[in-house]
Amino acid sequence: MAEIHDQFDTILILDFGSQYSHLITRRCREHNVYAELMPCTTQLKDVKFKPKGIILSGSPYSVYDKDSPHADPGIYDLGVPILGICYGLQEMAWQLKGTVEECDHREYGFAQVKIGKIGGENASVDALFEGLGDEMPVWMSHGDQLSSPPPDFHVIGYTGTAPYAALAHNSKPFYGIQFHPEVTHSPRGKEVIGRFILNICGCRAHWTMEEFIGKEIARIREICGPTGRVIGAVSGGVDSTVAAKLMHEAIGDRFHAIMVDNGVLRLNEAKQVNEMLNQNLGVNLTVVDASDLFLSRLDGVEDPEQKRKIIGNTFINVFEAEAAKIEAEPAREVEQGGVEKGRVEWLLQGTLYPDVIESISFKGPSATIKTHHNVGGLLKDMKLKLIEPLRELFKDEVRALGRLLSIPAPLVQRHPFPGPGLAIRILGPVTREQVKILQQADNIYIEEIRKAELYDQIAQAFAVLLPVKAVGVMGDSRTYEQVIALRAVQTEDFMTADWYVFPPEILRRISSRITNEVAGINRVTYDISSKPPATVEWL
Ligand SMILES: Nc1ncnc2c1ncn2[C@@H]1O[C@H](COP(=O)(O)OP(=O)(O)OP(=O)(O)O)[C@@H](O)[C@H]1O
Ligand SMILES: O=c1[nH]c(=O)c2[nH+]cn([C@@H]3O[C@H](COP(=O)(O)O)[C@@H](O)[C@H]3O)c2[nH]1
Ligand SMILES: NC(=O)CC[C@H](N)C(=O)O
Ligand SMILES: [Mg+2]
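All values derive from a computational prediction rather than experimental measurement.

Conventions we followed
Residues numbered from 1 in each chain as written. Chains lettered and ligands numbered in written order. Predicted model: local features only at pLDDT ≥ 70, side-chain atom pairs only at ≥ 80, totals over all residues. Heavy atoms only, no water. Buried < 20%, exposed > 50% of the residue type's maximum accessible area, 1.4 Å probe, protein only. Helix = DSSP H or I, 4+ residues; strand = E, 2+ residues; numbered from the N terminus. Pairing = 2+ DSSP bridges. Right-handed = clockwise from strand over helix to strand, strands pointing away. Phe/Tyr/Trp six-rings, centres within 6.5 Å; stacked < 30°, edge-to-face > 60°. Contact = heavy atoms within 4.5 Å. UniProt positions renumbered as here; feature names shortened; annotations may be inferred. Near = heavy atom within 4 Å. Polar contact = N/O pair within 3.5 Å; in protein donor to acceptor, adjacent residues only side chain to side chain. Areas by Shrake-Rupley, 256 points an atom, 1.4 Å probe, with all protein chains shown as cover. Nonpolar A, V, L, I, M, F, W, Y, C, P; charged D, E, K, R; others polar. Core = buried A, V, L, I, M, F, W, Y, C linked by side-chain atoms within 4.5 Å. Lys, Arg positive; Asp, Glu negative; His and termini not counted. Salt bridge = Lys/Arg side-chain N within 4 Å of Asp/Glu carboxyl O.

Topic: the pairing of strand β11 (residues 255-261)
Then, number 1: For β11, the tally of buried residues reaches seven of seven residues, placing the bulk of the element in the interior.
Then, number 2: The two faces of β11 match: F255, A257, M259 and D261 on one face and H256, I258 and V260 on the other face are all buried.
Then, number 3: Summarising the sheet, strand β10 (residues 229-233) and β11 pair through four bridges and their orientation is parallel. Paired with G232 across the two strands is A257, which belongs to β11.
Then, number 4: For β11 and strand β12 (residues 285-289), the ladder comprises five bridges, and the chain directions are parallel. Each bridged residue has a counterpart across the sheet, and for A257 the counterpart in β12 is L285.
Then, number 5: Handedness of the crossover joining β11 and β12 through helix α7 (residues 269-280): right-handed.

Here's the deal with the packing of aromatic side chains
Then, number 1: With the rule as written, the count across this model stands at 16 aromatic pairs.
Then, number 2: Judged by centre distance (5.2 Å) and plane angle (45°), the rings of F16 and Y87 are tilted. Here Y87 lies in helix α3 (residues 87-95) and F16 lies in the loop between β1 (10-15) and α2 (21-30), a separation of 71 residues in the sequence. Taken individually, F16 and Y87 each receive the classification buried, so the pair is uniform in this respect.
Then, number 3: Note on W499 and Y526: the rings are 6.3 Å apart at their centroids and 75° apart in plane angle, and the pair reads as edge-to-face. With W499 in strand β19 (residues 498-499) and Y526 in strand β20 (residues 521-526), this residue pair connects regions lying 27 residues apart in the sequence.
Then, number 4: Residue class for Y526 comes out buried when judged on its relative accessible area of 19%.
Then, number 5: Aromatic rings pair up to connect Y445, W499, Y500, F502 and Y526 into one cluster.

A word on helix α11 (residues 395-404)
Then, number 1: Taken residue by residue, α11 has E397, V398, R399, L401 and G402 as its buried positions.
Then, number 2: Among the structural elements, α2, α5 (209-224), α6 (238-251) and α12 (409-412) are those in contact with the buried residues of α11.
Then, number 3: Looking one or two places after α11, you find S406, whose phi comes out positive at around 60°.

Considering unusual backbone geometry
Then, number 1: Here the bond from K531 into P532 is cis, since omega is -15°, no more than 30 degrees from zero.
Then, number 2: The residue P532 is located in the segment after β20 in this model.
Then, number 3: The peptide bond linking P532 to P533 adopts the cis configuration, its omega dihedral lying at 10°.
Then, number 4: Relative to the elements of secondary structure, P533 occurs in the segment after β20.
Then, number 5: A positive phi angle is found at D152, which is not glycine, with a value near 70°.
Then, number 6: Here D152 shows up in the loop between β6 (135-148) and β7 (153-158).
Then, number 7: Here the phi dihedral of N268 falls at roughly 60°; this positive angle occurs in a residue that is not glycine.
Then, number 8: Among the structural elements, N268 can be located in the loop between β11 and α7.

A look at the side chain of R29
Then, number 1: The residue R29 is located in helix α2 in this model.
Then, number 2: Judged by relative accessible area, R29 falls into the buried class, the value being 4%.
Then, number 3: Ignoring any residue separated from it by four or fewer positions in sequence, one finds R29 in contact with Y34, A35, W207, Y353, E392, L393, F394 and E397.

Description of the UniProt feature "binding site: ATP" (unreviewed entry) in the chain
Then, number 1: In the UniProt entry, the feature "binding site: ATP" (unreviewed entry) is given for S235, G236, G237, V238, D239, S240 and T241.
Then, number 2: On the secondary structure map, G237 appears in the loop between β10 and α6.
Then, number 3: Apart from residues no more than four positions distant in its own chain, G237 is found in contact with L411 and R414.
Then, number 4: As for its position among the elements, S240 is in helix α6.
Then, number 5: For S240, a relative accessible area of 9% corresponds to the buried category.
Then, number 6: Excluding anything up to four places from it in sequence, S240 contacts A233, V234 and S235.

Concerning the site of ligand 1
Then, number 1: Contacts to ligand 1 come from 20 residues, most closely from A233, S235, S240, V260 and F417.
Then, number 2: K395 places a side-chain nitrogen or oxygen 3.0 Å from an oxygen atom of ligand 1.
Then, number 3: One nitrogen or oxygen atom from the main chain of F417 is found 2.8 Å from an oxygen atom belonging to ligand 1.
Then, number 4: Out of a free accessible area of 580 Å², ligand 1 has 91% covered by protein chains.
Then, number 5: Only α6, β11 and α9 (304-328) provide two or more residues apiece to the shell around ligand 1.
Then, number 6: Split into classes, the residues belonging to the shell around ligand 1 amount to eleven nonpolar, seven polar and two charged.

Quick look at the nonpolar core
Then, number 1: One finds L401, F502 and I514 to be the most contacted residues of the largest nonpolar core, which totals 96 residues.
Then, number 2: Residues contacting I514, with those up to four places away along its chain left out, are A441, I444, I484, L486, I521 and V524.
Then, number 3: Grouped together as the second largest cluster of nonpolar side chains are 40 residues, A111, F129, V138 and A162 included.

Let's talk about the site of ligand 3
Then, number 1: Neighbouring ligand 3 are the residues G58, S59, P60, Y61, C86, Y87, Q90, S141, H142, G143, D144 and H180.
Then, number 2: At 2.9 Å, a backbone N or O of S59 approaches an oxygen atom of ligand 3.
Then, number 3: One of the side-chain nitrogen or oxygen atoms of H180 is found 3.2 Å away from a nitrogen atom of ligand 3.
Then, number 4: Mapped by element, the contributors of at least two residues to the shell around ligand 3 are α3 and β6.

Considering the side chain of K307
Then, number 1: Tracing the backbone through its elements, the reader meets K307 in helix α9.
Then, number 2: There is no salt bridge for the buried K307, and the closest opposite charge comes from E302, which lies 7.4 Å off by N-O distance.
Then, number 3: A distance of 2.9 Å separates a polar atom in the side chain of K307 from the backbone oxygen of G428.
Then, number 4: When neighbours within four sequence positions are excluded, K307 is seen to be in contact with L298, V301, E302, A423, I426, L427, G428, V430 and L539.

Looking at the environment of L507
Then, number 1: Structurally, L507 is set in helix α14 (residues 504-517).
Then, number 2: With relative accessibility at 22%, the residue L507 sits in the partly exposed group.
Then, number 3: For L507 and I54, which are 453 residues apart along the polypeptide, the C-alpha to C-alpha distance reads 49 Å.
Then, number 4: Each residue touching L507, except ones within four places of it in the same chain, is listed here: L486, F502 and Y526.

Written as structure tokens, this is what we have:
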């Protein structure tokens, strides 16, 4: 089975646990070069492809610590270019017999790197900085630094405090930089990465969604064979819609999309998604109304994690029941030719690369903040096999793919909506009445955001229903009703987020409409917490 790294020139990024490792991957992909992240402890014999180059990431460790992680030393004999970033540089120095020590003072923040080939003989070796001028501002974050470079290396960049801010080998394509080119605080960092992967590694810039579509469709056909049947959980969100459309292109009506109405969807969501997929996208979608089942299992449950687990498990129960129903149907001829019958072997999921990164990161999955329903909520004895065509993609790549698959723009630009839905936006027990209140408030909020043409500037906006009551006055009478909190965030990758600054008149209109139109609400607040320390969702 041809994997993506067999089809595209690939940069291997070894993750030593830096919080920025995934950004290195992103920056490579922004140059249209495919890059894959693997734990730094990966042994070369387990890497099933030949990378065009290797990048060693940063790390919270110090190379001289007893328990610090180290790369397979075989990488230096592979004959491919290597770039070490921060810890990666220190690791390269440490493995190739230089010395690394704790600095007198940690360097954290901006620094000006002077670019120069000090002591270097070979004119071609500072290709890393070619065309970038004499100096550039960069972002540093380290407490250790090289006290002597390994033999056969020379300095290609330095700062007032870091004499070895950038090194190159005299004859081999090995480079190390003390600063972080992957963060946006290093304005020319992306160009440095470009010099490495394009000029030094010689990668072809052919990682584009146009190339990906054809190859992925072929790959899905190969996996499913001529008769394989696939069931897919589809929510109307970007990821599952793009995955469903891709699947439909690959195997036509042997793909069965299922949307579950779990009773905690947004207002009219099931109806809208049904129309969109069946009519606009030609995907064979069934909406299953399981709201009674979900709401009865959620009855009286307040604990956020319990809500999430109940929903994750119930989703799988419903999918398995649906798969059984599809299998029991009589064989039928399909448009693409042949007869469709037999077992449904596969379950399509819209898993994205950030979910995967989280689970392969060298540090291992981080402390459980919350259980995302499609990762931690899966049943252990599941019979269906997973198929995940977006597993290697970032969200913006999925959106680009969606546009190429002619998925309408409003759908491609949709804010994410979590699988556990309104159940994690109702801060007490979930009842039909509470769901109704929240659906109405949320709908007004989003409607007004769209009217103000702010929807595409905001990464995610939604309303939250608080379980507290407050006193108000309406038509000269006292009211004692619930409170709605509005949330809107801007973020690049949802790992960190900032609250969105609305023009005040927009908030005024939203608040006035919600308190006037939604029975049971007499007060509206706006959430001004960033992530961290808050999270995007309240539960
Ligand atoms: N109501 C639902 N019915 C069927 N499947 C669902 C439902 N809600 C979520 N899922 C499944 O869970 C997966 C993860 O949900 P998630 O919200 O991360 O992705 P999405 O809904 O496809 O996209 P987005 O992140 O833009 O909302 C979906 O891709 C889909 O497979
Ligand atoms: O499909 C999903 N299933 C879940 O269980 C889930 N929990 C959070 N989210 C979404 O993830 C992003 C980050 O949210 P948090 O800061 O609250 O973790 C935000 O976009 C959240 O909406 C989920 N999506
Ligand atoms: N960001 C990094 O990679 C830091 C590396 C090492 N822990 C240091 O403090 O120097
Ligand atoms: Mg969703």
